[in-house]
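Letter by letter, the chains look like this.
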Amino acid sequence: KRAEDQLLLQTRSAVVAAEGRGNLSAEDAGLIHYPGTDRLRARGEWCEVQEPPAQWALRTCPWAGWRPNLRVKVLTYNLYWWNLFDRKGGAGRSAGKLIARTAGSHGYDLMAFQECDDRWRVLADARAEGLSGDYDAVDGGKALAILYRRSRWRLLSAGRMDVGEDGPAQYYGRRSVHWVRLQNYATGKTVFFMNHHGPLPINQAGSCTGSAAALNIMKAIANNAHGHDAIFLVGDFNAQRRSSRIQELSRRLRRSYTGRSMGGVDHIFKNCRWISWGRNLGKGYGWAGSDHDALSSNFLI
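Predicted model, so just to flag it, every value in this text is computed and none were measured.

Criteria and thresholds
- Per chain, the residues get numbers from 1 upward, laid out in the order the sequence is written.
- Residue-level local features of this predicted model are given only where pLDDT is at least 70; pairs of side-chain atoms are given and counted only at 80 or more, and the full residue set underlies all totals for whole chains, interfaces and linings.
- Excluded from the side-chain calculation are hydrogens and water; included are all heavy atoms of the structure.
- Helix and strand definitions follow DSSP, with helices as H or I runs of at least four residues and strands as E runs of at least two, each counted in order from the N terminus.
- Computation of the radius of gyration draws on C-alpha atoms, with the globule rule given as 2.2 Å multiplied by the number of residues to the power 0.38.
- Buried residues are those whose accessible area, probed at 1.4 Å on protein chains only, stays under 20% of the maximum for their type, while exposed residues exceed 50% and partly exposed ones sit between those limits.
- Any two residues having at least one pair of non-hydrogen atoms within 4.5 Å are treated as being in contact.
- Using a 1.4 Å probe, accessible areas were evaluated by the Shrake-Rupley method; residue-level cover was limited to the displayed protein chains.
- Just so you know, the count uses Lys and Arg for positive and Asp and Glu for negative, and it drops His and the chain ends.
- Lysine's charge is taken at NZ, arginine's at CZ, aspartate's at CG and glutamate's at CD.
- Structural elements are reduced to axes, namely lines fitted to C-alpha atoms, with helices fitted over the stretch in contact, and the angle between N-to-C directions of any two is expressed from 0 to 180 degrees.
- The sense of a crossing depends on the near helix, which, turned anticlockwise from the far helix by less than a right angle, makes the crossing left-handed and, turned clockwise, makes it right-handed.
- Here the nonpolar group is Ala, Val, Leu, Ile, Met, Phe, Trp, Tyr, Cys and Pro; Asp, Glu, Lys and Arg are the charged ones; every other residue, Gly included, is treated as polar.
- Only buried residues count toward a nonpolar core, which is a set of Ala, Val, Leu, Ile, Met, Phe, Trp, Tyr and Cys residues joined through side-chain atoms within 4.5 Å.
- Any two strands with at least two DSSP-identified bridges between them are counted as paired.
- Two aromatic rings from Phe, Tyr or Trp, using only the six-membered ring of Trp, form a pair when their centres are within 6.5 Å; if the ring planes differ by under 30 degrees the pair is stacked, by over 60 it is edge-to-face, and anything between is tilted.
- Each residue carries a pLDDT value, the predictor's own confidence for that position, ranging from 0 to 100.
- Take a side-chain nitrogen of Lys or Arg and a carboxyl oxygen of Asp or Glu: if they are within 4 Å of each other, that pair is a salt bridge.

Trainee: Explain the overall build of the protein chain to me, please; I cannot follow it from the model alone.
Mentor: Across its full length, the protein chain carries seven helices and 14 strands. On C-alpha atoms alone, the protein chain measures out to a radius of gyration of 18 Å, which is about the 19 Å that the 2.2 N^0.38 rule sets for 301 residues. Burial analysis of the protein chain (301 residues in total) assigns 56% to the buried set. Within the protein chain, contacts between residues separated by at least 24 positions form 69% of all contacts whose residues are at least 6 apart in sequence. Summed over its atoms, the accessible surface of the protein chain is roughly 12,500 Å², and 45% of this surface lies on carbon and sulfur atoms. Side-chain charges in the protein chain split into 42 positive and 28 negative, and the spacing between the mean points of these groups amounts to 7 Å.

The structure is reproduced here in structure tokens:
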């Protein structure tokens, strides 16, 4: 069976100890945990979330004193499925060509897709265009998917959680995050990689569309990532840098790279000031593409 069939996708709620469950398991003992206060965002809504202390952030390197010795290459790409695939049949494997031609000799370690109805179709198109490497895929629901290179990474866990909701002016439903936690075979280092497709309208604030969504993302990270994980958060956030969502996230994580599409709504965040370099890869290769640019970043961790 594929990896997603082997996992029970689950989301931990707030701090385990606070729920009176007794002694923490070895797995739970390493969790960061979200430090909620008595201040609330989106009070009374399903997405209500406690604010953390003002200075709380995940902006430090997890391996103090370790020398960076592992290159990690990531991709995030909104595939515009209904148009590029449903209407245009993939436009001659446009997205697959982009992935294959930008992978380089190292290849992608981690790929995150939004508006992706068939992750295996995307992988097959990329392989047909020359992508090498042995990949597995995890379905995040709501047209989200993560692919990881399983010859380099061992899947430790995966999960998903609703974090926000579209506003009434452009409503499609609730919005979620999903993640994988992986361990590198060669070094033993662990990575927490999260994918997100954010609420509409673009930059909308308030209720479950604004900064409450950002804090729910941070809560999902803190309650599922471990203190020694390299953390990456990527996706189409439907929010530009000036929005309340991105400003809130930028206080808690390090924004590493931002694209240009729609004023810059695609972002890559990290938790450490590693050496990194990002690229805007364009919308596709061929006679049609996505309405978003794919983004890639290399990290030396």
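Here the narrative resumes, following the displayed structure.
Trainee: In this structure, what is going on with the packing of helix α6 (residues 211-222) against helix α7 (residues 244-252)? I would like to understand it.
Mentor: Contact geometry for α6 and α7: axes closest at 7 Å, N-to-C directions at 30°. In terms of crossing hand, the pair formed by α6 and α7 is right-handed. Together, Ser211, Ala213, Ala214, Leu215, Ile217 and Met218 of α6 and Ser244, Arg245, Glu248, Leu249 and Arg252 of α7 make up the contact between the two elements. A class-by-class count of the residues in the contact of α6 with α7 yields six nonpolar, two polar and three charged.

Trainee: Help me understand the nonpolar core in this model?
Mentor: The nonpolar side chains of soluble globular proteins are, as a tendency, buried together. One finds Val177, Met194, Ile217, Met218, Ile221, Leu233 and Leu249 to be the most contacted residues of the largest nonpolar core, which totals 30 residues. Mapped by element, the contributors of at least two residues to this core are β7 (153-165), β8 (174-184), β9 (190-197), α6, β10 (230-236) and α7. Apart from residues no more than four positions distant in its own chain, Met194 is found in contact with Val177, His178, Trp179, Ile217, Ala220, Ile221, Phe232, Leu233 and Val234. Ranked by size, the runner-up nonpolar core spans 27 residues in total, among them Leu75, Leu98, Ala103 and Met111.

Trainee: I would appreciate a short explanation of the pairing of strand β3 (residues 71-78) in the present structure.
Mentor: On a regular strand, one side chain projects to one face of the sheet and the next to the other, so that they alternate. By the criterion of burial, β3 is predominantly enclosed, with seven of the eight residues buried. Strand direction decides the pairing type here: β3 and strand β4 (residues 110-114), joined by five bridges, are parallel. If you follow Leu75 over to β4, its bridge partner there is Met111.

Trainee: I tried to follow the sheet that holds β9 on my own but got confused; where do I start?
Mentor: Two modes of strand pairing occur in sheets, parallel and antiparallel, and in both the strands are linked by backbone hydrogen bonds. An order of β7-β8-β9-β10-β12-β11 is seen for the six strands of this open sheet, with the pairing classed as mixed. One side of each edge strand has no neighbouring strand; the edge strands of this open sheet are β7 and β11 (254-258). Averaged over all pairs of adjacent strands, the angle between strand axes in this sheet comes to 20°, irrespective of strand direction. Where α7 meets the sheet, its contacts fall on β10, β11 and β12 (266-270), and the angle it forms with β12 comes to roughly 20°.

Trainee: Explain the sheet that holds strand β13 (residues 275-282) here, please?
Mentor: What the six strands build is an open sheet, ordered β5-β6-β4-β3-β14-β13; its pairing is mixed. Looking along the sheet, the strands with just one partner apiece sit at the ends: β5 (135-141) and β13. Between one strand axis and the next, the sheet turns by 15° as a mean value, whatever way the strands run. One ladder, built from six bridges, connects β5 with strand β6 (residues 144-149); its direction is antiparallel. Paired with Tyr135 across the two strands is Arg149, which belongs to β6. The strands that helix α4 (residues 94-102) touches are β3, β4, β13 and β14 (294-300); relative to β3, the one it contacts most, it runs at about 165°. In the packing of helix α5 (residues 119-128) onto the sheet, contacts are made with β4, β5 and β6, and the angle to β5 comes to roughly 150°.

Trainee: Sorry, what's going on with unusual backbone geometry here?
Mentor: A negative phi angle characterises most non-glycine residues, just as the trans form characterises most peptide bonds. Pro201 follows Leu200 through a cis peptide bond whose omega is -5°. Inspection of the secondary structure assignment puts Pro201 in the loop between β9 and α6. For Lys142, which is not glycine, the phi torsion reads 55° and is therefore positive. Among the structural elements, Lys142 can be located in the loop between β5 and β6.

Trainee: Would you mind showing me how to read the packing of aromatic side chains here?
Mentor: Going through the model one piece at a time under the given rule, you end up with seven aromatic pairs. With centroids separated by 3.8 Å and ring planes inclined at 10°, the aromatic side chains of Trp81 and Phe85 adopt a geometry described as stacked. One end of the pair is Trp81 and the other is Phe85, both in helix α3 (residues 81-87) and four residues apart, which spans about a single turn. Residue Trp81 shares its accessibility class with Phe85, and that shared class is buried. Seen in terms of ring centroids, Phe232 and Phe299 are 4.6 Å apart; in terms of plane orientation they differ by 40°. Their pairing is tilted.

Trainee: Even after reading the chapter, I still don't get the confidence of the model for the protein chain, so can you show me in this structure?
Mentor: Regions with low pLDDT should not have their predicted coordinates read in detail. Per-chain confidence: the protein chain averages 91 in pLDDT, with 90% of residues scoring 70 or above. Within the model, pLDDT remains below 50 along residues 1-24, and this stretch shows 47 contacts once partners closer than five positions in the same chain are excluded.

Trainee: Any chance you could explain the pattern of salt bridges here in plain terms?
Mentor: A side chain with one charge may pair with a side chain of the opposite charge, provided their charged atoms come close. All told, the structure shown has 14 salt bridges when counted by the stated rule. The residue Asp125 makes a salt bridge to Arg121 at a minimum N-O spacing of 3.3 Å. With Asp125 and Arg121 both in helix α5, this residue pair falls four residues apart, about one helical turn. Residue classification places Asp125 among the buried residues on the basis of a relative accessible area of 9%. Residue classification places Arg121 among the partly exposed positions, given a relative accessible area of 29%. Between Asp134 and Arg150 there is a salt bridge, with its nearest N and O atoms 3.0 Å apart. Of this pair, Asp134 sits in the loop between α5 and β5 while Arg150 sits in the loop between β6 and β7, and the two are 16 residues apart along the sequence. A single network of salt bridges, built from pairs that share partners, joins Arg39, Arg41, Glu51, Glu248, Arg251 and Arg252.

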